[in-house]
Amino acid sequence: VWAARHLGHRMPERVAGYDLAQELLRAAPSERRRVYFFGSAPGVAEKAKAKAEKLYPGIEIVGVRDGYFKPEDNAAIIEEIKAAKPDLLLVALGVPKQEKWIAAHLAELGVPVAIGVGGTFDVMAGVVKRAPRWMQRAKLEWLFRGLHQPKRIRRLMALPRFILRVRAAKKQ
Ligand code: UDP
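We now turn to the structure provided with this report. (Residues numbered from 1 in each chain as written. Predicted model: local features only at pLDDT ≥ 70, side-chain atom pairs only at ≥ 80, totals over all residues. Heavy atoms only, no water.)

1. A few points about unusual backbone geometry
Among all residues save glycine, negative phi is the norm, and among peptide bonds the norm is trans. The following threshold applies: Helix and strand definitions here come from DSSP, where helices need a minimum of 4 consecutive H or I residues and strands a minimum of 2 consecutive E residues; each element is numbered from the N-terminal end. Note on classification: 1.4 Å probe, protein chains only; a residue is buried when its accessible area is under 20% of the maximum for its type, exposed when over 50%, partly exposed between these limits.
Backbone torsion omega between Val 95 and Pro 96 reads 5°, so that peptide bond is classified as cis. Within the element layout of this structure, Pro 96 appears in the loop between strand E3 (88–92) and helix H5 (97–109). Unusually for a residue other than glycine, Ser 40 sits at a positive phi of about 70°. Relative to the helices and strands, Ser 40 is located in the loop between strand E1 (34–39) and helix H3 (44–55). Under the relative-accessibility criterion, Ser 40 is labelled buried at 8%. Positive phi, close to 50°, is recorded for Lys 85, a residue that is not glycine. Checked against the element boundaries, Lys 85 lands in the loop between helix H4 (74–84) and E3. Using a relative accessible area of 60% as the deciding quantity, one classes Lys 85 as exposed.

2. Looking at the pairing of E1
The line we're drawing: Seen with its strands pointing away from the viewer, a crossover is right-handed if its path from the first strand over the helix to the second goes clockwise. For two strands to be treated as a pair, DSSP must find at least two bridges joining them.
Among the six residues in E1, five count as buried, and that is most of the element. Regarding topology, H3 serves as the crossover connection from E1 to the parallel strand E2 (residues 60–65), and that connection is right-handed. Where E1 and E3 come together, five bridges link them in parallel fashion. Opposite Tyr 36, over in E3, you have Leu 89 as the bridge partner.

3. A short note on the nonpolar core
The condition that has to hold: Side-chain atoms within 4.5 Å link the members of a nonpolar core, which is a set of buried Ala, Val, Leu, Ile, Met, Phe, Trp, Tyr and Cys residues. In what follows, a contact means two residues having at least one pair of non-hydrogen atoms within 4.5 Å.
Counting residues in hydrophobic clusters, the biggest one holds 20 residues, and the most contacted among them are Leu 25, Val 35, Phe 37, Leu 90, Val 117 and Phe 121. At the level of secondary structure, the elements contributing two or more residues to this core comprise helix H2 (17–31), E1, H3, E3 and helix H6 (120–125). Among the elements that make up this core, the one with the highest residue count is H3 (four residues). Once residues lying within four places of it in the same chain are set aside, the contact partners of Phe 37 are Leu 25, Ala 45, Ala 48, Lys 49, Ala 52, Ile 61, Gly 63, Val 64, Arg 65, Leu 90 and Phe 121. Counting residues in each nonpolar core, the second largest holds 15 residues, with Ile 77, Ile 78, Leu 89 and Ala 114 among its members.

In structure tokens, the structure reads:
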């Protein structure tokens, strides 16, 4: 959001993947959209499915599959998703694995919409907590996640580099 604004693009607000996913799931029953949950640790997507069925009555979650698999399982996973014929595929393999997986397989899957949703199933399953609202509003959700999952710290180091690149791009 900062970079877009800095470069003069209109960007009203941040939209967290979790919030986007919830809005799409909320709309799914009335739009009759079939949803597939792919990713996160074994058991987590099942719990997220149960949560979605409670929150969004009538939702059709047509498949779940965890995100810890060997390369040789990939073809079977793709077949499983194709057979379930979802309209919306939520993929939680972490950044950038989920984006790369979607880019490599979207055409073959024949799914109209696939989105990388990171830790969404973890939050839905109650395995991971989101930052309190005040931190989200203060644009500090990244700090909360870094403190709770120190393995993220290395990734946060990319932010200063990103800021320098955006500034350099503006000067060009
Ligand atoms: N994950 C997975 N397979 C992997 C690596 C990660 O299913 O090989 C899952 C992980 O269990 C978590 C989700 O991907 O549920 C998101 O990971 P992370 O917390 O790193 O989120 P990010 O911020 O990268 O989207």
